[in-house]
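# Working through the structure, step by step
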Amino acid sequence: MRAAALLFSALTASLTFGQQLQEADGIQYEVRRVQGNVYMFASTLGNVTIQVGQDAGHDGVLLVDTGSPRLREALLAEIRKLSAEPVRFVINTSADPDHIGANEILLKPPRTVQAPAEVSLYAQDNVLQRETRDGSGIPSGAWPTLTYLEGKSFAFNGEAIQMFAEKAAHTDGDSIVLFRGSNVVSAGDIFLTTGYPVIDLARGGSIQGEIRALNHILDLTVARSMQEGGTMVVPGHGRLCDESEVTDYRDMLTIIRDRVQDLLRKGKTLEEVQAARPSRDYDRRFSTPSWTAQMFIEAVYKSLKDGAAAGGSK
Amino acid sequence: MKLHPLDSHFLFPPLLYNRPVVPRIAFLSALAGLASLASAPAFAQGGMGFNPSGMWTAMYHEDELERTDPGSPVGDYLGIPINDDARLRADTWDGDLVSVLQHQCIPHSAVYAMRAPSNLKITTVNDPASGRIVAFIIDGTYTGPRTIWMDGREHPSQFAPHTWAGFSTGVWEGDTLHIETTHIKSGYLRRNGIAFSDRTVLTEFLDIHDKYLTLTTVAEDPVYLTEPLVRTESWVWNPYQAFSPIAGYGACLPVPEIPRPYGWVPSHLPGANTVLREFSQEYGVPFEASRGGAETMYPEYRKKLEQMAIPHAKVFEVQFEQEHKKQASNPAEAKQ
């Protein structure tokens, strides 16, 4: 009877997750426990990864990205529900506005030499380079306080946090973050379930770097069994995933890259490649009004033609 | 020897099961017992339904070629309401994909699992206090367990993870268990590259007729299907079935058996797959028909087939040759 009760409790545990869609400023969001110390603030405008200590007296709160400015207040309110500890670290996976929306408010008051920020904001150095350029439109209070070229590791809330710079993928400032103890990867906009990756050529992105970054994520992930569970992956936009979805995404981009490369070798122009619709079998699922298949194929074509990045293997 | 459906050899072929053949009377008694259990108030949640708990052995009288090894040949899209996008995806699919590490241990997903070689073990999850059935767990040979929640819970949000089994809820509609499954990882409708997307919704109807369990599945995929794909599968009750899930609950470990370049993803370039016509040629199916699509599901398609040139089926030629040679080399046997 006791065993039956335990089995019943285990199987019905998913009833008690407490995840419930909420709405702020007309945007749906929810906070979802991923595993270990890690939660996901998921919204239709993008995802924020939240790491909190499980017991009182832990180090504090760490965020990977701070989401859209439109959900800033909702995010801060949800963080307070998860932990009474202060936010100590923010890691930006890129300089995209929908990933840095609460940077400034978290880093207040304005930093001075006499009063350094209480929150440290990590990002790849290219993020700082871009945000500090004239005309970036990003206020100084939202800029990274600490940067790295290749990566950075530190311990927080009892587990190792590893940041990896992914070169020339979605942009030239992308990072992924591995929570080693919790077994979670936060992938930023390198991995989306909502559409094709936005290969931003103007900001140093490339299809080769994108595929290379996805293969790197697959190097870090380990499925629990039957290619399911184990390392969980928080995408920049979309639902919580594991290795299998990253695999599908990597496969799709590699296949499309190979098709465009083949057309390029045959001397096809951009217009001819777009007319051939080399991503046609994936478009219904991944083409979106804001980043259409034609735009994606143009980015793939140009990054291959210009050789914007080194080859697809390590 | 002809087998009657109630003959014990039909129900329990000795090669399949590691128990002696059961006398028919004992079996019929057991069936009667099951029938009485099925109608007992304890199993009738809300006065409806039956309890499908037990061991069920798959029957392959439907679509045997597709369902058992080696599965559908490359290029066989017959009877699947695929669109052009799905056709291109299947045309460019390369069977070598299963050698990629991340693909080696993928089980059949809910959309395909019930159709595959799949003996079942069905159990219940009961509320220990009330005894109420909270869920059915359907465990299949080549997939992980599927949980069918019967407690009225909602399906998770768009941000919840997808799984191979998906998230299933069930309600009784008379004596039919109506199952709705969402949150399924993308996978294959056939093991020859016909894909379904992660937006697929699976609707199933589970019925029992005497000792037979029949599942009617309706797969709807806005990405790759133009119409719902409706299929049925049946199982026969078999309390002596030794259930051994091949998926193994973690026993599968990916192994790099062949050296491959880092990040290698095999596929054919569009228009470059040279084996797409083999199914048509082997089985004498017009190539146009082998391309599938909604119209190939319906009986009316036969009229269209009559207007097509039917290729000579090589498979029958080969079979004839093999049988003929065998007879020639063994005249004594050939006379019998």
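The structure presented is a predicted model; accordingly, all values stated were derived computationally and were not measured.

Here we take up the overall build of chain B. In terms of regular secondary structure, chain B is built from 10 helices and 11 strands. Looking at chain B as a whole, 35% of its 336 residues are labelled buried. Of the contacts made within chain B by residues no fewer than 6 positions apart, 60% connect residues no fewer than 24 positions apart.

Here we take up the nonpolar core. All names here are of chain A. Judged by nonpolar contacts, the single largest core of 85 residues is most densely connected at F41, I176, F191, L214, I217, V233 and V300. The leading source of residues in this core is helix α6 (residues 243-265), at eight residues. When neighbours within four sequence positions are excluded, I176 is seen to be in contact with T93, F164, E166, V185, S186, A187, G188, I190, A213 and I217.

Next up on the list: the pairing of strand β3 (residues 133-140) of chain B. Residues and elements named next belong to chain B. Among the eight residues in β3, six count as buried, and that is most of the element. Note that strand β2 (residues 120-126) and β3 share seven bridges and pair antiparallel. Following the sheet pairing, N126 is matched in β3 by I133. In this sheet, strand β4 (residues 146-149) lies alongside β3 in antiparallel orientation, the contact comprising four bridges. Within β4, the residue paired with I138 across the bridge is R146. With antiparallel pairing between neighbouring strands as the criterion, β3 and β4 make up a hairpin whose turn holds five residues.

Glancing now at unusual backbone geometry. At A:N157, a position not held by glycine, the phi torsion is positive, near 50°. Checked against the element boundaries, A:N157 lands in the loop between β9 (151-156) and β10 (159-166).

All names here are of chain A. One can describe the packing of α6 onto helix α9 (residues 293-305) by two numbers: an axis separation of 10 Å at closest approach and a directional angle of 60°. On the basis of the axis angle, α6 is oblique to α9. Of the two elements, α6 crosses α9, and the hand of that crossing is right-handed. Where α6 approaches α9, its residues I256, R257, V260, Q261 and L264 are matched on the opposing element by I297, V300, Y301, L304 and K305.

Another point: the interface of chain B and chain A. Across the contact, 38 residues belong to chain B and 40 residues belong to chain A. For the side of chain B that touches chain A, the secondary structure elements donating two or more residues are α4 (84-91), β2 and β3 of chain B. When its residues are assigned to classes, the side of chain B that touches chain A shows 21 nonpolar, 12 polar and five charged.

This part covers the pairing of strand β6 (residues 87-92) of chain A. All names here are of chain A. Burial analysis of β6 places five of its six residues in the buried class, which makes it a mostly covered element. Note that strand β5 (residues 61-64) and β6 share four bridges and pair parallel. When the sheet's bridge partners are listed, V61 is paired in β6 with V87. This β-α-β element, β5 to helix α2 (residues 72-82) to β6, shows right-handed connectivity. The sheet contact formed by β6 and strand β7 (residues 120-124) spans four bridges and is parallel. Bridging from a neighbouring strand, F89 pairs with S120 of β7.

Another point: the sheet that holds β10(A). Strand pairing in a sheet relies on backbone hydrogen bonds. The paired strands run either parallel or antiparallel. All names here are of chain A. Taken in spatial order, the six strands of this open sheet run β9-β10-β11-β12-β13-β14, and their pairing is mixed. The open sheet has two free edges, formed respectively by β9 and β14 (241-242), since each of these has just one partner strand. Relative to strand β13 (residues 232-237), strand β12 (residues 184-192) runs parallel, the two sharing five bridges. Looking at β13, one finds that V185 is bridged to V233. Here helix α5 (residues 207-220) sits on the sheet and contacts β10, β11 (174-179), β12 and β13; the angle it forms with β12, its principal contact strand, is near 160°.

Residue and element names in this part refer to chain B. Spatial strand order, β1-β2-β3-β4-β5-β6-β9-β10-β11: nine strands in a closed barrel with mixed pairing. This sheet shows a mean twist of 30° between the axes of neighbouring strands, independent of strand direction. Sheet analysis places strand β5 (residues 167-173) next to strand β6 (residues 176-182), joined by seven bridges and oriented antiparallel. Bridged to V171 within β6 is H178.

Before going further, it helps to examine α9(A). All names here are of chain A. Given a rise of 1.5 Å per residue, 13 residues ought to cover 18 Å, and the 18 Å separating the end C-alpha atoms of α9 matches this to within 8%. Buried within α9 we find A293, F296, I297, A299, V300, Y301, S303 and L304. Tucked into the core, α9 has its buried residues touching α5, α6, α7 (270-276) and α8 (280-286). G307 sits one or two residues past α9 and shows a positive phi near 55°.

Our next topic: α4(B). All of the buried residues along α4(B) are B:D85, B:A86, B:R89, B:A90 and B:D91. Next to the buried residues of α4(B) lie α8 of chain A together with β8 (195-196) of chain B.

Attention now goes to the confidence of the model for chain B. Taken residue by residue, chain B gives an average pLDDT of 83. The fraction at 70 or more is 81%. In this model residues 1-45 of chain B is a low-confidence stretch, pLDDT under 50, and it forms 38 contacts with partners more than four residues away in sequence or in other chains.

Segments scoring low in pLDDT should not have their predicted coordinates read at a detailed level. Counting all residues, the mean pLDDT for chain A is 90, and 88% of those residues have values of 70 or more. Below pLDDT 50 for its whole length, residues 308-314 of chain A participates in 20 contacts with residues either more than four positions away or in separate chains.

Right, let's get into the environment of A:Y196. Relative to the helices and strands, A:Y196 is located in the loop between β12 and α5. With sequence-adjacent residues up to four places away left out, A:Y196 is seen in contact with A:F286, A:S287, A:W291 and A:F296.

Calculation rules
Residues numbered from 1 in each chain as written. Chains lettered and ligands numbered in written order. Predicted model: local features only at pLDDT ≥ 70, side-chain atom pairs only at ≥ 80, totals over all residues. Helix = DSSP H or I, 4+ residues; strand = E, 2+ residues; numbered from the N terminus. Buried ≥ 20, exposed ≤ 12 C-beta atoms within 10 Å, placed from the backbone. Contact = placed C-beta atoms within 7 Å. Core = buried A, V, L, I, M, F, W, Y, C linked by C-beta atoms within 7 Å. Pairing = 2+ DSSP bridges. Axes fitted to C-alpha atoms, helices over the stretch in contact; angles between N-to-C directions. Parallel < 35°, antiparallel > 145°, perpendicular 65-115°, else oblique. Left-handed = near helix turned anticlockwise from the far one by under 90°. Nonpolar A, V, L, I, M, F, W, Y, C, P; charged D, E, K, R; others polar. Right-handed = clockwise from strand over helix to strand, strands pointing away. Expected span 1.5 Å × (residues − 1). pLDDT = per-residue confidence, 0-100.

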